[in-house]
Structures are given as structure tokens and as C-alpha cells.
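Architecture and fold: a report
Here is how the chains run, residue by residue.
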Amino acid sequence: IELPLITVSARIPSLLDRIPAVMLNLHEIGYQLTRDCLANGRQRVAIILGPQLSENGCHTGSADMLDGYHQALAEAHVEAPPDWVLPAPYTNQGAVEVTQRLIDMSPRPDAVIFVEPGMGRRVSHHLQEAGISVPQQMQLFASSCLASETNDEWSITPNGHDLGVAAADALL
């Protein structure tokens, strides 16, 4: 049986020449998330990035989101210390460690962008356990293209509708 196949937001290196992909513009998402932070009055914006490659060899988009983050900050003439770019594995232990780094910062960021919303939920939990009020003291930002759920703690930008339409168009 031959079935049409397209990957959505994942580039699998071993299949690049055989399976088409519809990709998110992660640079634009990083840029828009950072602009949203700044538009909400947040000036101390950190970003938590995952690994460059996932366990199955797919590119995670961390570098593209980081480029968008830096572009938006530069356009707004906002400087972020280098230690506000926080790499962390997408594990509970990674969330514990990155949360402690956020708590220990001085000045502490007042907004955090997440490449991977699951990490954001874990960090949110650990921040609240440490007595940090989310979103009052630290607001969390992720993309709904990447998020599986939302709540009052999160500010979410663009939806994945266009990505689904592009994938369907590519298959038809």
C-alpha cells in the first residue's frame, strides 16, 4: 500500500530526499514571541532552548527561534545578558535545573520564551513551588503551533491552522 506522506514541522535527515515537509517559520515565531513579550511591558526576556537535534535526529528549531529572539530585542534596543539564553534538555531534571538558574538570576527575567511548551509547563510548576508568581512576576510565552494546551499563565501566539492547510495542499 502506498500512502501519501508529508512531515509537519519536522525534518528527518534520513528522509529529506524522499518525504516532503511543511515547516514552521521558527525564526518568525521567535521574533513574534519576543515582540509579544515586549508589547506586554516585559523588558527582561529570557529564552529556554532545547537541543539542536531531538533524539530521532530531527532539527528542533532552537537556533532559528534564537535568531528571531535576538532580532526582536535588537529592533527594540533591548539588551539581554547572555545568561538569559538558557539551553536545557527537555526532561524534568532539565526543567528543575533551568528553573533554579532563572530564580538565581539578578535581575531576574520578567518573561520567558519556550521553544517547547512541555518544558514551559514543568518550569511554571517549579517556579510556583518556589514562590514565583506566574504570570505576575514572570510571564511565560510559547507558540500555539507548538503548544498542546493553554491556560491563564501563558501568552500564546500564532495558531497552526496555516500549517495544516499547507500540509493538506502539499498532499493534494
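Report follows, based on the coordinates.

1. So, the side chain of His126
Within the secondary structure, His126 sits in helix α4 (residues 117-129). When its relative accessible area of 15% is taken as the criterion, His126 is described as buried. A distance of 3.4 Å separates polar atoms of two side chains, one belonging to His126 and the other to Asn92. Look past the residues within four positions of His126 in its chain and what remains in contact with it is Asn92, Ala95, Val96 and Thr99.

2. So, the pairing of strand β3 (residues 45-49)
Along β3, 5 of the 5 residues are buried, which leaves the element largely enclosed by surrounding structure. Going residue by residue along β3, you find Val45, Ile47 and Leu49 tucked away on one face and Ala46 and Ile48 tucked away on the opposite face as well. Bridge count between β3 and strand β5 (residues 111-114): 4 bridges; the pairing is parallel. Across the sheet, Val45 pairs through a bridge with Ala111, a residue of β5.

3. Here we look at the packing of helix α3 (residues 92-104) against α4
Remark: α3 packs on α4, axes separated minimally by 9 Å, with the N-to-C direction vectors making an angle of 55°. In terms of orientation, α3 and α4 fall into the oblique class. Crossing handedness for the pair α3 and α4: right-handed. Touching Asn92, Gly94, Ala95, Val96, Val98, Thr99, Leu102 and Ile103 of α3 are Met119, Arg122, Val123, His126 and Leu127, all from α4.

4. Observations concerning α4
With 13 residues, α4 extends 18 Å from end C-alpha to end C-alpha; this agrees with the ideal 18 Å at 1.5 Å per step. By the burial criterion, the buried members of α4 are Pro117, Gly118, Met119, Gly120, Val123, Ser124, His126 and Leu127. Within two residues after α4, Gly131 carries a phi angle of roughly 90°, on the positive side.

5. Topic: the nonpolar core
Ranked by internal contacts, the top residues of the largest apolar core, which has 38 residues, are Ile48, Tyr69, Leu102, Val112, Ile113, Val123 and Leu127. Secondary structure elements with two or more residues in this core: α1 (26-39), β3, α2 (62-75), β4 (85-87), α3, β5, α4 and β6 (139-143). For Tyr69, the contacting residues outside a window of four places in its chain are Gly30, Tyr31, Thr34, Val45, Ala46, Ile47, Ala80, Trp84, Val85 and Ile113.

6. Quick notes on the pattern of salt bridges
Evaluation of the coordinates by the stated rule reveals 1 salt bridge. Residue Asp110 pairs with Arg44 through a salt bridge whose shortest N-O separation is 3.9 Å. Of this pair, Asp110 sits in the loop between α3 and β5 while Arg44 sits in the loop between α1 and β3, and the two are 66 residues apart along the sequence. The exposure class assigned to Asp110 is buried, which follows from its relative accessible area of 8%.

The rules behind the values
Residues numbered from 1 in each chain as written. Predicted model: local features only at pLDDT ≥ 70, side-chain atom pairs only at ≥ 80, totals over all residues. Heavy atoms only, no water. Helix = DSSP H or I, 4+ residues; strand = E, 2+ residues; numbered from the N terminus. Buried < 20%, exposed > 50% of the residue type's maximum accessible area, 1.4 Å probe, protein only. Polar contact = N/O pair within 3.5 Å; in protein donor to acceptor, adjacent residues only side chain to side chain. Contact = heavy atoms within 4.5 Å. Pairing = 2+ DSSP bridges. Axes fitted to C-alpha atoms, helices over the stretch in contact; angles between N-to-C directions. Parallel < 35°, antiparallel > 145°, perpendicular 65-115°, else oblique. Left-handed = near helix turned anticlockwise from the far one by under 90°. Expected span 1.5 Å × (residues − 1). Core = buried A, V, L, I, M, F, W, Y, C linked by side-chain atoms within 4.5 Å. Salt bridge = Lys/Arg side-chain N within 4 Å of Asp/Glu carboxyl O.

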